[in-house]
Amino acid sequence: MGTSLDIKIKRANKVYHAGEMLSGVVVVSGKDPVQHQGLFLTVEGTVNLQLSAKSVGVFEAFYNSVKPIQIINSTIEMVKPGKFPPGKTEIPFEFPLHVKGNKVLYETYHGVFVNIQYTLRCDMKRSLLAKDLTKTCEFIVHSAPQKGKLTPSPVDFTITPETLQNVKERALLPKFLIRGHLNSTNCVITQPLTGELVVESSEAAIRSIELQLVRVETCGCAEGYARDATEIQNIQIADGDVCRSLSVPIYMVFPRLFTCPTLETTNFKVGRAQWGRGTHVSREGSNSAFARLTKGRPSLLTSTTR
Amino acid sequence: MAPADGAAWALREGACPSQSWRRGRCSLGSAGGSLPLTIMAPTDGAAWALRSGACPSQSWRRRAARRGLCGRATAPHNHGGRGRAGPGRELRTGGPRRRGHVTGKMAVFPWHSRHRNYKAEFASCRLEAVPLEFGDYHPLKPITVTESKTKKVSRKGSTSSTSSSSSSSVVDPLSSVLDGTDPLSMFAATADPAATAAATDSSRKKREREDNSIIGSDFEPWASKRGEILARYTTTEKLSINLFMGSEKGKAGTATSAMSEKVRTRLEELDDFEEGSQKELLNLTQQDYVNRIEELNQSLKDAWASDQKVKALKIVIQCSKLLSDTSVIQFYPSKFVLITDILDTFGKLVYERIFSMCVDNRSVLPDHFSPENVNDTAKETCLNWFFKIASIRELIPRFYVEASILKCNKFLSKTGISECLPRLTCMIRGIGDPLVSVYARAYLCRVGMEVAPHLKESLNKNFFDFLLTFKQIHGDTVQNQLVVQGVELPSYLPLYSPAMDWIFQCISYHAPETLLTEMMERCKKLGNNALLLNSVMSAFRAEFIATRSMDFIGMIKECDESGFPKHLLFRSLGLNLALADPPESDRLQILNEAWKVITKLKNPQDYVNCAEVWVEYTCKHFTKREVSTVLADVIKHMTPDRAFEDSYPQLQSIIKKVIAHFHDFSVLFSVEKFLPFLDMFQKESVRVEVCKCIMEVFIKHQQEPTKDPVILNALLHVCKTMHDSVNALTLEDEKRMLAYLINGFIKMVSFGRDFEQQLSFYVEARSMFCNLEPVLVQLIHSVNRLAMETRKVMKGNHSRKTAAFVRACVAYCFITIPSLVGIFARLNLYLHSGQVALANQCLSQADAFFKAAISLIPEVPKMINIDGKMRPSESFLLEFLCNFFSTLLIVPDHPEHGVLSLVRELLGVIQDYTWEDNSDDKVRIYTCVLHLLSAMSQETYLYHVDKVDSNDSLYGGDSKFLAENNKLCETVMAQILEHLKTLAKDEALKRQSSLGLSFFNSILAHGDLRNNRLNQLSVNLWHLAQRHGCADTRTMVKTLEYIKKRSRQPDMGHLTELALRLPLQTRT
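Residues numbered from 1 in each chain as written. Chains lettered and ligands numbered in written order. Predicted model: local features only at pLDDT ≥ 70, side-chain atom pairs only at ≥ 80, totals over all residues. Heavy atoms only, no water.

Colleague: Describe the overall build of chain B, with residues and values.
Modeller: Broken down by element type, chain B carries 51 helices and six strands. For chain B, the residues scored as buried account for 51% of the 1068 residues in total. Sequence-distant contacts in chain B: of pairs separated by 6 or more residues, those separated by 24 or more amount to 72%. When the accessible area of chain B is evaluated, it comes to approximately 50600 Å², of which 54% is carbon and sulfur surface. (Helix = DSSP H or I, 4+ residues; strand = E, 2+ residues; numbered from the N terminus. Buried < 20%, exposed > 50% of the residue type's maximum accessible area, 1.4 Å probe, protein only. Contact = heavy atoms within 4.5 Å. Areas by Shrake-Rupley, 256 points an atom, 1.4 Å probe, with all protein chains shown as cover.)

What follows is the structure in structure tokens.
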């Protein structure tokens, strides 16, 4: 059992806002005294962009990825070369989350084509005989809550076979009428999406009603912009043939790591607030329709066969 | 060497002692018969001549003559003792071996009984009674707790109790330990203020009502429902478990085409965190299914214990997914029970884990903590759980898993639970299948009641939501499903009952009357509300239902025939009425209305299920006439096609209810249809069970002995049924139980002064219950008691008639005893009956009993079975014989059978009996015989039987009698000494020592030590006891002290001299 290195960030949830003080300790522990050539702490923040295979070729997608954009990068030497005593040594650190120049601390985001990540890295340089020790630790940056109260913008919607787009033979669709409303189309990311949905009538038995959360990511690159919509999560809100004219709640907690507030920069763009609702209407067990709403406007994306 | 001595040896060693006894007995039995050899070895020629001259039997003399002829000394035993050449040491012709002085000098010692003055001894032995002044301390004086005062210090009910104990000045050690309050009165003290406070402080009670945040013990917990549901909802169809432990490729197919493959896999990983396998288990029987679920429960615990939290979560998700599957719908309630067990386990594990994170080294979180006390790490972990669960794709697992960890909201915020519950309630609306959704509601109510019982609103919301979706049950989707599964509506609807009952129960718990009324109204409004009605009846307070019984009957009648089965409704109503009483005026009408419907039920099963419940109501409020009518109706319904065969449990329960309410058996048996009802139990095992129940109740409730012919007839029949069920395969325990019950009945039968009637009852009982030994034993005891009762009534002076009756009793016993199997039961009963016969002046009968007992002794096996284990019987025999000897003392000799014929016979039997090789029991018995004979030689015996002349008055201390007696003593002593001699081997020295000492004590107690030879013998025994250092020094010292003390008493001066001759061996 050799020496181990660990970073402990003070906040349990590891969430910080721009301008706040990030503090914590680096823990060095080992049975024997540790000889080292210096202990360094690096803060790094990058935006990684990946091109979608759809907009460019597969190879290009693989090789031609856009260069990461650096948001923040600084290194300090925490401890001068020397020796740690045996046992546990805690070295506290603290630094303000500020960026140089006109750069902005974007929110941490793990998407498909866009990744924004912040890491703390601690390196212990050692002599030639021993390997250098490294420990990385991600911390999360959230942008400060918006000032002023968000005005809710409720929206009502109705779905019928007629409102569906991209349907080849509309006549084959069973008749149905679904009404509903969303409490707001602008959502605070920490609050769940809420609303209600009422199946007024449906000719065929309903098998399932699902709520789909979709994001739109746009990346800029040499060939121009690539825009992609991908599913974040899919939540079932009704299972089986629900009672008619009884409101079923719409409720979805945003997965925090995979969503971020709508963001637009020169190089990339991330949009959320896209949500879809799927109604699987079973008739003879094969046909299903899929409906999607964007910002409250029903629009049909595709029709698949289950 | 003295020839006499040799003769003695010849007898003891040369001739087989057992034979000699036998012959001796023969000779005694037939006076004047010639005998080749006998036991008696006269040493003292003169004495012998004297005695034999007086001997009533001629044979003695002849024997004495023979004695001389066989005076050939045989090889003596090597005693093995290194003889100190004492005065008695002699060399034997047979060998140059040395003998120890006791046995060496052993001649036949004459016996001289000490004269006893029992009265004087008794007087001197009795403790002097010292009158105790009131208030004096005495340890056995009862501690009287005069008062246990409770003082109410404050309203909150903290009490201090004081109690003053008895007036004795010395503090009682027991109560002083307990700070002056004994634990019982302490309990009473603490319980009391609570009761009074509750009664008086009504405002406080009200407050308690309002906030009732704690579920009281009157709330029937889920655990008690669990087993019932599992037992009731079963299936024979094959079940399947479908577990996707891996990725759900099939279901993800609905994703948009815009989603790249990479994204899809990543999203799938969100659902299923590790790659696994899809398991589909088909064709499981119900038991397999239960086992699988149990395995899953175990693997959940294992995964959790091995820190595989994700796997644990996955198991839970997959399990709760099973609840969306309604394929074998009859099993659904049981499946719900099984799977919610897993969810409960999971919820507990998560809660405990987060709770343990809040515990620092320093402080432990109190039970009622607030979120501020919870540290960040715990909060973060808790949030993580909720986020993770919120992203579960499917609705039903998401609902169940979140509900299972509802309690964890306490870590996050104070209002967490109260916000979550309504949201989860709404979420259930998304569940389309009405059965699945009602069970989801039941689960939510269950969790809600556990975590936050004060949040009633969401309970009510659940109920009203349910009412809104109620119509779905009759919708197409459900109907189609039922057709596919081949399930009828009347069997489908009861599947809702457990869930609905639970929801209703939660709502109605401590609910105000108005809410209940409102709920009822809302139920009424819906069409086909039988299902609701049933749940209302099973969940609401019985009092509430009972007061509205007539309304309910009306509603039940209006229900649709095709839906929920009506008999279930009546059953539920009946259950309520059994618990709570309806208004007095309605009672008969209720019964009439209900029974009108019940009696029309076609299916005997449905009918009997209903009737079973209503019988209780009938028994409770009506007389035997109504009960008889009801029973008649049951008989009428159950007899066709032998329908009763399928419903024994229900019929049994009807009987139980009836007998529980009719404690007076004369009334019970006058219920016209009761016995015909019993006839329906035609399967023997069930019939016996029912009979047992009846007898148990009879034994429990019958206070007075009875002679009511109705009761006797009926119960004899019942007992006969029980008795006749006994066969070779009946278990011991079962027999014991039956015998106990029958005995209980026999003891309760009394014809008062009509003893003859009583005896004829016992005769009848004997003929009926001959297969149960304990019953026969009981009968014999009862008859003996009867004889003694007669004696008591006649004050000991039997008239001609009563004497004949008593002899009849005795005869009864005499012919009954041989039919018993247990040898000691027989022996003891012979003895006991003999004593009774003796007490009733039936001398020849008593003789017969004793002779029978004596002739039975040789049959006593070496080992007997006691409680299933084989034990040596000798100790029991010893015990019995000692008892027997005490009786023999007072048995007068038969005028034609010679002196002490019974004792002689008994001695013969003892001699012949094959004793254990290494036991001294035979000698112990001989010692007892010696005591008996000593007692017999007294002028007046220690005790007598009233109106029976014992040998003391018969012989009047005749010297011939005494001589006979002494002769017997000598023989017995010779046997004892003989035995002592055989114990001279190394391993037996200890036994020799103790036996020697006990013999010494016997001589000391009963012998006249003024006789020189006896005196010498006792000295020798003393030496023998000490010789090998085996004696306990303390005992020896005590014995010596006792002798010295005795010597100071009058007429005991000779003991002083004896004491001087008894040296104490010091151990060096």
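Having seen the structure, we can now continue with the description.
Colleague: Describe the pattern of salt bridges, with residues and values.
Modeller: Counted by the stated rule, this structure contains 35 salt bridges over all chains. Look at the salt bridges and you will find they share partners, linking B:Arg429, B:Arg441, B:Lys461 and B:Asp465 into a network. (Salt bridge = Lys/Arg side-chain N within 4 Å of Asp/Glu carboxyl O.)

Colleague: Can you break down the confidence of the model for chain A residue by residue, with the values?
Modeller: Mean pLDDT over chain A works out to 72, with 72% of the residues at or above the 70 mark. In the predicted structure, residues 272-306 of chain A sits below a pLDDT of 50 and forms 112 contacts with residues beyond four places in sequence or in another chain. (pLDDT = per-residue confidence, 0-100.)

Colleague: Talk me through the sheet that holds strand β3 (residues 21-30) of chain A; I want residue IDs and the actual numbers.
Modeller: Note on sheets: strands pair through backbone hydrogen bonds, and any given pair is parallel or antiparallel. Residues and elements named next belong to chain A. Strand order in this open sheet of three strands is β1-β3-β8, and the pairing throughout is antiparallel. In the strand order of this sheet, the two ends are held by β1 (4-9) and β8 (87-96), each with one partner. Pairs of neighbouring strands in the sheet enclose a mean axial angle of 20 degrees, with direction left out of account. (Pairing = 2+ DSSP bridges. Axes fitted to C-alpha atoms, helices over the stretch in contact; angles between N-to-C directions.)

Colleague: Please give an account of unusual backbone geometry that cites residues and values.
Modeller: The backbone phi angle of A:Ser245 is positive, close to 55 degrees, even though this residue is not glycine. In this fold, A:Ser245 is placed in the loop between β16 (224-239) and β17 (247-252). Phi is positive for B:Gln841, close to 60 degrees, though the residue is something other than glycine. Mapped onto the elements, B:Gln841 comes out in the loop between α41 (823-839) and α42 (843-856). You can call B:Gln841 partly exposed: its relative accessible area is 27%.

Colleague: Lay out the nonpolar core in plain terms, naming residues and giving numbers.
Modeller: The tendency in soluble globular proteins is for nonpolar side chains to be buried side by side. With 308 residues, the main nonpolar core has B:Tyr492, B:Trp614, B:Leu651, B:Phe674 and B:Leu881 as its most contacted residues. The element contributing the most residues to this core is helix α14 (residues 332-358) of chain B, with 14 residues. A:Leu49, A:Leu97, A:Tyr106 and A:Met124 belong to the second largest nonpolar core, which has 35 residues in total. (Core = buried A, V, L, I, M, F, W, Y, C linked by side-chain atoms within 4.5 Å.)

Colleague: An account of the packing of helix α44 (residues 901-912) of chain B against helix α47 (residues 959-982) of chain B is requested, with residue identities and associated values reported.
Modeller: Residues and elements named next belong to chain B. Across the interface, α44 lies against α47 with an axial gap of 12 Å and an inter-helix angle of 10 degrees. If you check the angle between α44 and α47, you find them roughly parallel. Every residue of α47 that contacts α44 at Arg904, Leu907 and Gln911 is listed here: Glu964, Leu968, Val972 and Gln975. A breakdown of the residues in the contact of α44 with α47 according to their chemical character gives three nonpolar, two polar and two charged. (Parallel < 35°, antiparallel > 145°, perpendicular 65-115°, else oblique. Nonpolar A, V, L, I, M, F, W, Y, C, P; charged D, E, K, R; others polar.)

Colleague: Please give an account of the confidence of the model for chain B that cites residues and values.
Modeller: All names here are of chain B. With 76% of its residues at a pLDDT of 70 or more, chain B shows a mean pLDDT of 75. Counting interchain partners and residues more than four positions distant, the pLDDT-below-50 stretch residues 148-172 has 44 contacts. Note on residues 269-278: pLDDT under 50 across the span, and 29 contacts to partners over four residues away in sequence or across chains. Across the interface, the model reports ipTM at 0.80; the global pTM reads 0.60.

Colleague: Report on the sheet that holds β17(A), specifying residues and quantitative values.
Modeller: Residues and elements named next belong to chain A. Spatial strand order, β12-β13-β14-β17: four strands in an open sheet with antiparallel pairing. Strand pairing shows two members of the sheet lacking a second neighbour, β12 (155-159) and β17, which therefore form its edges. For this sheet, the mean inter-axis angle between neighbouring strands, taken without regard to orientation, is 20 degrees. As paired elements, strand β13 (residues 176-182) and strand β14 (residues 193-202) share seven bridges and run antiparallel to each other. Bridge pairing links histidine 181 to glutamate 196 in β14.

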